[in-house]
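A look at the structure
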Amino acid sequence: MLPADEIKGVLAFLREAERLKSVIRSGYTSTGRPESTAEHTWRLCLMAMLLADGLGDIDVARLLKICIVHDLGEALHGDVPAVAQVEGDDRAARERADIETLTRPLDDRRRAEILALWHDYETGASPEGRLAKGLDKLETILQHTQGLNPADFDYAFNLDYGTKHTAVHPLIGAIRAELDNDTRARMTAQQASGAPD
């Protein structure tokens, strides 16, 4: 049994983390509805679970935990679409500050674990952190290739997006190749429809 103060802290944290359900990303679902960050995180975790046995000798529980917390900081100040991200911006520092704020109600042990997992994702300090980053890029591209996107959606962006992170493992690379083919097919269909590319 957890002490009452730890239960209250966990509940307070979960109430704040719920905000992630309302954070909208730049991707669209297959029905044309904007995707939330929580939905992206759910499918990222599902992807990691399904592919884990092909990723070699890794700590699957750690990989899943990293996937769960990787975008948690966005609950406070939202998502920055990949197309709007700039190398050297303060996004990582802002997300770090946001996740520190978000985890404040937790006891020291739980808070330290979440912050360490988030830091691992950001820095790629472990194989699991690097794999989580690669899978995150794949999930984004997968959504872009199956979403009911606006007519002017920039599919070409996918072809360069996250290439460094999707080269971390042969399985991630093989999936990337499939998704790049899907991206090219969407680009061809877009051009055939006369929509801007």
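Everything that follows concerns the structure shown earlier in this document.
Reading guide: rules and limits
- Residues numbered from 1 in each chain as written.
- Predicted model: local features only at pLDDT ≥ 70, side-chain atom pairs only at ≥ 80, totals over all residues.
- Heavy atoms only, no water.
- Helix = DSSP H or I, 4+ residues; strand = E, 2+ residues; numbered from the N terminus.
- Contact = heavy atoms within 4.5 Å.
- Phe/Tyr/Trp six-rings, centres within 6.5 Å; stacked < 30°, edge-to-face > 60°.
- Buried < 20%, exposed > 50% of the residue type's maximum accessible area, 1.4 Å probe, protein only.
- Lys NZ or Arg CZ within 6 Å of the ring centre and 35° of its normal.
- Expected span 1.5 Å × (residues − 1).
- Arc of directions from axis to C-beta.
- Axes fitted to C-alpha atoms, helices over the stretch in contact; angles between N-to-C directions.
- Left-handed = near helix turned anticlockwise from the far one by under 90°.
- Nonpolar A, V, L, I, M, F, W, Y, C, P; charged D, E, K, R; others polar.

**Some thoughts on the side chain of threonine 37**
Following the sequence through the fold, threonine 37 ends up in helix 2 (residues 37–51). Ignoring sequence-local partners within four residues, the contact set of threonine 37 consists of Leu20, Val23, Arg25, Asp71, Glu74 and Asp79.

**Points about the packing of aromatic side chains**
Each aromatic ring pair is summarised here by two numbers: the centre-to-centre distance and the angle between the ring planes. Going through the model one piece at a time under the given rule, you end up with two aromatic pairs. Taking the centre distance of 4.9 Å and the plane angle of 55° together, the rings of phenylalanine 153 and tyrosine 155 count as tilted. Looking at tyrosine 155, the relative accessible area reads 5%, which means it is buried. Sitting over the face of the ring of tyrosine 121, lysine 133 holds its NZ or CZ atom 4.3 Å from the ring centroid.

**Comments concerning helix 5 (residues 91–102)**
Here helix 5 spans 16 Å end to end across twelve residues, near enough to the 16 Å set by a 1.5 Å rise per residue. Of the positions making up helix 5, those classed as buried are Glu95, Asp98, Ile99 and Leu102. All buried residues of helix 5 lie within an arc of 95° about the axis, which places them on one face of the element.

**Some points on the packing of helix 2 against helix 7 (residues 127–146)**
Put simply, helix 2 and helix 7 touch, their axes get as near as 9 Å, and they point 115° apart. In the crossing of helix 2 with helix 7, the sense of the turn from one axis to the other is right-handed. On the side of helix 2, the interface is formed by His40, Arg43, Leu44, Met47, Ala48 and Leu51, while helix 7 contributes Ala132, Leu135, Asp136, Leu138, Glu139, Thr140, Leu142, Gln143 and Gln146. Here the contact of helix 2 with helix 7 is built from residues that sort into eight nonpolar, four polar and three charged.

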